[in-house]
Amino acid sequence: MQVFKAYFKVMRGAVATLSINLCVFLALAVLFSFIAPQVQPVGFEPSRIPVAIINRDKEGEVSQGLAEYMEKVCKVIECPDDPEKLQDALFHGQVKYVAIIPPGFSDAFLSGEDCVIQKVIVPGSAEGYYVDIIINRFLDTLDLYRMYGGVGEEDSLPRLIASAMEDLAVETPVTMIGETVISEEYRPGYYYYFLYCAYALLALITMGVSTIMISFNEPDLYMRNSCSPLSKRRMNLQLAAGHTTFALGCWAMLMIGSLVMHGRNLSQTGVLGLYSLNTLAFTFVCAAIGLIIGAFVRSTSAQSGVVNVVTLGLCFLGGVFVPQSIMSESVLAVSKFLPSYWFVKANDAIAVLRNSNPEHLHSIHNSILIQVGFAIAIFSVALFFSKEREA
């Protein structure tokens, strides 16, 4: 196993470059893991809009009932009755809606007069329309009770307000139809970790494998090895064993990192196996790319440039750094001829998978098999040029 031992002796010379690439990956993975939402949004939950209520009709029972109802369905923020401070709160996003109940509002409402709640909102905001609906729903329901429920008896108004709130408290159950209950826009922290595994695997494996191939393909060393008693077949087998060990070592290191950072979430969702299989397929693609770079590049000075161009090019065009959802049709048409595109496509599909639906699993498995096909094709090209050079 002389060649196998020499493999890792040569690899020590590339430790600094490999460490830099690994640190870049870890920085990206940790950064996006903290940015990603920590709570998994499962199912449907009504939004609670932050609002400020300025009740200038403090003694009015209708205004009190409205304020109490809004506290149940909105996130009420305490703000002073100061126009400047209210505008500051609205500008800084602390509140999305300011409702000002004018004096005498309750009396005007009960007498059937026109009464308007003043509001201060960001023009055209969806939150403003939503809170308008909440306020109108309460007032319209209470108005129906006022007209047909009877007002004038003792304690009749508190009873009507309580009845209106009871009616409005009825909730309609919402069932999410479909195989995935997670929004397509939602991405958990581990999604970004495995997404940037593409960059890490490309940078680490292509650099490491090409470094070995450039060293062993140096003319003097190549001719010396050709004259050695070790057969060409055994030498290639030991090189292949070294490439496989190094590539699988990089893959295992990243998988251990995923367990350290996201082990609990991965175990809860049960997608670790698919992510592992997807990254393993891409690992072989990276090893094949490293072989073909080592077959064409002759010097270590040119190697860094070629590895960086290939790594960044595949990451940008494949959808690692730029989401595929915002790419144009022409760019996506080109990207489909790159293995990184299919890695990202499988990664995206796994992120929103929650049920073992055969159709969804079939799509993921197809993307993984296409990556394996890329690895075989690239390896065949590298082997062909290697045989040509020997001839």
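In case you missed it, the structure is sitting above this.
Keep in mind that what you see is a predicted model, and the values were worked out from it rather than measured. (Residues numbered from 1 in each chain as written. Predicted model: local features only at pLDDT ≥ 70, side-chain atom pairs only at ≥ 80, totals over all residues. Heavy atoms only, no water.)

1. Thoughts on the nonpolar core
Rule in force here: Buried residues of nine kinds, namely Ala, Val, Leu, Ile, Met, Phe, Trp, Tyr and Cys, make up a nonpolar core once their side-chain atoms join them within 4.5 Å. The buried label goes to any residue with under 20% of its type's maximum accessible area, the exposed label to any with over 50%, and the partly exposed label to all in between, with areas taken from a 1.4 Å probe on protein chains only. Helix and strand definitions follow DSSP, with helices as H or I runs of at least four residues and strands as E runs of at least two, each counted in order from the N terminus. Contact between two residues is taken to exist if any of their heavy atoms lie within 4.5 Å; hydrogens are not considered.
Formed by 73 residues in total, the largest nonpolar core has its most connected members in Phe25, Phe194, Ile205, Leu254, Tyr275 and Phe282. Contributing elements (two or more residues each) for this core: helix H1 (2-11), helix H2 (15-35), helix H8 (189-216), helix H10 (232-269), helix H11 (272-296), helix H12 (300-318), helix H14 (339-351) and helix H15 (358-390). Those residues in contact with Leu254 that lie beyond four places of it in its chain are Leu22, Phe25, Tyr193, Cys197, Ala200 and Leu201. With 27 residues, the next largest nonpolar core counts Leu139, Ile161, Ala164 and Leu168 among its residues.

2. What to know about the packing of H8 against H11
Rule in force here: Only the stretch in contact is used when a helix axis is fitted, and all axes are lines through C-alpha atoms; the angle between N-to-C directions ranges over 0 to 180 degrees. In what follows, roughly perpendicular refers to angles from 65 to 115 degrees, roughly parallel to angles under 35, roughly antiparallel to angles over 145, and oblique to any angle outside these ranges. Crossing handedness: left-handed means the near helix sits turned counterclockwise from the far one by under a right angle, and right-handed means the same turn made clockwise.
Where H8 contacts H11, the axes come no closer than 8 Å and their chain directions differ by 30°. Considered as vectors, H8 and H11 are oriented roughly parallel to each other. The two elements H8 and H11 meet at a crossing, and its hand is right-handed.

3. Considerations on the packing of aromatic side chains
This is how the line gets drawn: Only Phe, Tyr and Trp rings are paired, with Trp represented by its six-membered ring, and only when their centres lie within 6.5 Å; those with planes under 30 degrees apart are stacked, over 60 edge-to-face, the remainder tilted.
Tallied over the full model, the rule gives 11 aromatic pairs. With centroids separated by 5.9 Å and ring planes inclined at 45°, the aromatic side chains of Tyr199 and Phe321 adopt a geometry described as tilted. Of this pair, Tyr199 sits in helix H8 while Phe321 is found in the loop between H12 and helix H13 (329-335), placing the two residues 122 residues apart along the sequence. Note on Tyr199: relative accessible area 10%, which makes it buried. By relative accessible area, which is 25% here, Phe321 ends up partly exposed. On the basis of an interplanar angle of 85° and a centroid distance of 5.0 Å, the ring pair of Tyr341 and Trp342 is categorised as edge-to-face.

4. Focus: the pairing of strand E3 (residues 97-101)
So the rule is basically this: Each pair of strands is called paired provided DSSP finds at least two bridges between the two strands.
Across the 5 residues that make up E3, a large majority, 5, are buried. Residues Tyr97, Ala99 and Ile101 of E3 are buried on one face, and the alternating residues Val98 and Ile100, pointing to the opposite face, are buried as well. Two elements, strand E1 (residues 50-55) and E3, share 5 bridges in a ladder whose sense is parallel. Looking at E3, one finds that Ile53 is bridged to Ala99. Summarising the sheet, E3 and strand E4 (residues 118-121) pair through 4 bridges and their orientation is antiparallel. The residue of E4 that forms the bridge with Ile100 is Gln118.

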